[in-house]
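# Structure at a glance
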Amino acid sequence: MKSFFIGNTEVKTPVIQGGMGIGISLSGLASAVANEGGIGVISCAGLGLLYSEEKGDYAQKCIRGLEEEIRKARQKTNGIIGVNIMGVLSNYADMVCTAIREKADIIFSGAGLPLDLPSYLTQGSSTKLIPIVSSARAAKIICDKWQKNYAYLPDAIVVEGPKAGGHLGFKKAQLKDENYALESLVPQVLTTISAYKDIKNIPVIAAGGISTGKDIARFFKLGASAVQLGSIFVTTWECDAAQAFKDVYLHAKSTDIIIIESPVGMPGRAINGEFLRRVEKGLEKPACCPLHCIKTCDYTQSPYCIMAALYNAAIGHMTKGYAFAGSNAYLAEKIRSVKEVIHTLKKDFFQLLTVWPEKEGILTKSSPLQTGMKHLYNCCFLYSKNNRYDI
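Residues numbered from 1 in each chain as written. Predicted model: local features only at pLDDT ≥ 70, side-chain atom pairs only at ≥ 80, totals over all residues. Heavy atoms only, no water.

### Focus on the packing of helix α3 (residues 58–76) against helix α4 (residues 92–101)
Packing of α3 against α4 leaves a shortest axis separation of 10 Å and a crossing angle of 30°. As summarised for this structure, α3 and α4 are arranged roughly parallel, according to the angle between their axes. The handedness of the crossing between α3 and α4 comes out as right-handed. Together, Ala59, Cys62, Ile63, Leu66, Glu67 and Ile70 of α3 and Asp94, Met95, Thr98, Ala99 and Arg101 of α4 make up the contact between the two elements. Of the residues in the contact of α3 with α4, the class split is 7 nonpolar, 1 polar and 3 charged. (Axes fitted to C-alpha atoms, helices over the stretch in contact; angles between N-to-C directions. Helix = DSSP H or I, 4+ residues; strand = E, 2+ residues; numbered from the N terminus. Parallel < 35°, antiparallel > 145°, perpendicular 65-115°, else oblique. Left-handed = near helix turned anticlockwise from the far one by under 90°. Contact = heavy atoms within 4.5 Å. Nonpolar A, V, L, I, M, F, W, Y, C, P; charged D, E, K, R; others polar.)

Below is the structure:
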């Protein structure tokens, strides 16, 4: 599990914590992941609700909230901090400008194609830009548009497959189609970005349904430089959500994880519960829209207010909201520290040295995976020596 570079920034642990809103991944979780050498990501969705005591309207409270979360994270870590900004947010421009002004290391942007994202960069800004895509076609469109309009290419690309939690960039019929599986998408995106290799190295980050060291190794074998995980970090002490939210993960069965239609206009993966059953019966229709937080949301046609539902869930009012979750979220068994989660991923990854045979072509002496595992062995030895873990 060797380090990789995003531009001139070295990421020592190739694990990105996915942005989770509202209020699931804030400065607490993000800084904990960054302290382990990965990339911690703050979700800016709905920050105006979490910072409701601040002055001004919802948009101003969101700005203040993001400023505070980035600053809090900086006080807790010297590691890499990113911000996840959904393209469908009505205050998208405010959030991007704030992240750049506060010197966030990276902006991750999905839920729509962020075609104008480089236009917000200011002279001397060091913030890296990473779009989240669900197809090679989307990756090509972004690369071509950015290169033509801004002479800029993505600093990396997150490829998110159909097993991810939250909003999904697929049609319902595609979610179980093997042609759209992450294992198919990663090689396709790698082929697409190879056309730009003489201009810029663009690492590919695999995301969606990844929960073990074996999963990580599989995508490294396919050519990914790193992985993004979200659900596995929810059941950690450092996760910013209320304990009641985490308990939903701990008690979930595989059959509880369902596909829903989001007011954003995209399918989403979530854990079923009382609130979603009320939505299905038409009992949560909003009477008004005080926030106007989502560009694509028409409250008169919406089955519920997504911002209110996600905010209620984050603070533990699960009868008034629900939890987004990845396909493997039901595997959570207990609350752990972020340190333990990442240590376990590394340990599982390392154990493949003795499990996977060389004849499969996975562990040749000169392969990147073998080189990465040798590097990981040294890391694990030092880690176990310092922290008294048995490897």
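### Overview of the pattern of salt bridges
The final tally for this structure, using the stated rule, is 15 salt bridges. Lysine 339 is the salt-bridge partner of glutamate 36, the closest N and O atoms lying 3.2 Å from each other. Of this pair, glutamate 36 sits in the loop between α1 (27–35) and β4 (39–43) while lysine 339 is found in helix α11 (residues 338–355), placing the two residues 303 residues apart along the sequence. Residues lysine 72 and glutamate 69 are paired through a salt bridge, measuring 3.7 Å at the closest nitrogen-oxygen approach. Highlighted residues: lysine 72 and glutamate 69, both in helix α3, separated by 3 residues, approximately one helical turn. Three or more residues are tied together by salt bridges with common partners; here these are Glu54, Arg64, Glu67, Glu68 and Arg101. (Salt bridge = Lys/Arg side-chain N within 4 Å of Asp/Glu carboxyl O.)

### Description of helix α10 (residues 306–314)
With 7 of 9 residues buried, α10 lies mostly within the body of the structure. Along α10, the residues that are buried comprise Ile306, Met307, Ala309, Leu310, Asn312, Ala313 and Ala314. Close packing links the buried residues of α10 with α2 (47–50), α3, β9 (166–167), α8 (243–251), α9 (274–280) and β14 (323–324). Following α10 by one or two positions, glycine 316 adopts a phi angle in the positive range, close to 100°. (Buried < 20%, exposed > 50% of the residue type's maximum accessible area, 1.4 Å probe, protein only.)

### A closer look at α8
Within the span of α8, buried status applies to Phe245, Lys246 and Tyr249. Take α8 and look down its axis: the buried residues cluster within an arc of 95°, on one side only. Buried residues along α8 sit against β13 (267–271), α10 and β14. (Arc of directions from axis to C-beta.)

### Focus: the confidence of the model for the protein chain
On average, residues of the protein chain carry a pLDDT of 90, and 90% of them reach 70 or more. Note on residues 358–366: pLDDT under 50 across the span, and 16 contacts to partners over four residues away in sequence or across chains. Here residues 376–391 is modelled with pLDDT under 50, and outside its nearest four sequence neighbours on either side it reaches 21 contacts, counting other chains as well. (pLDDT = per-residue confidence, 0-100.)

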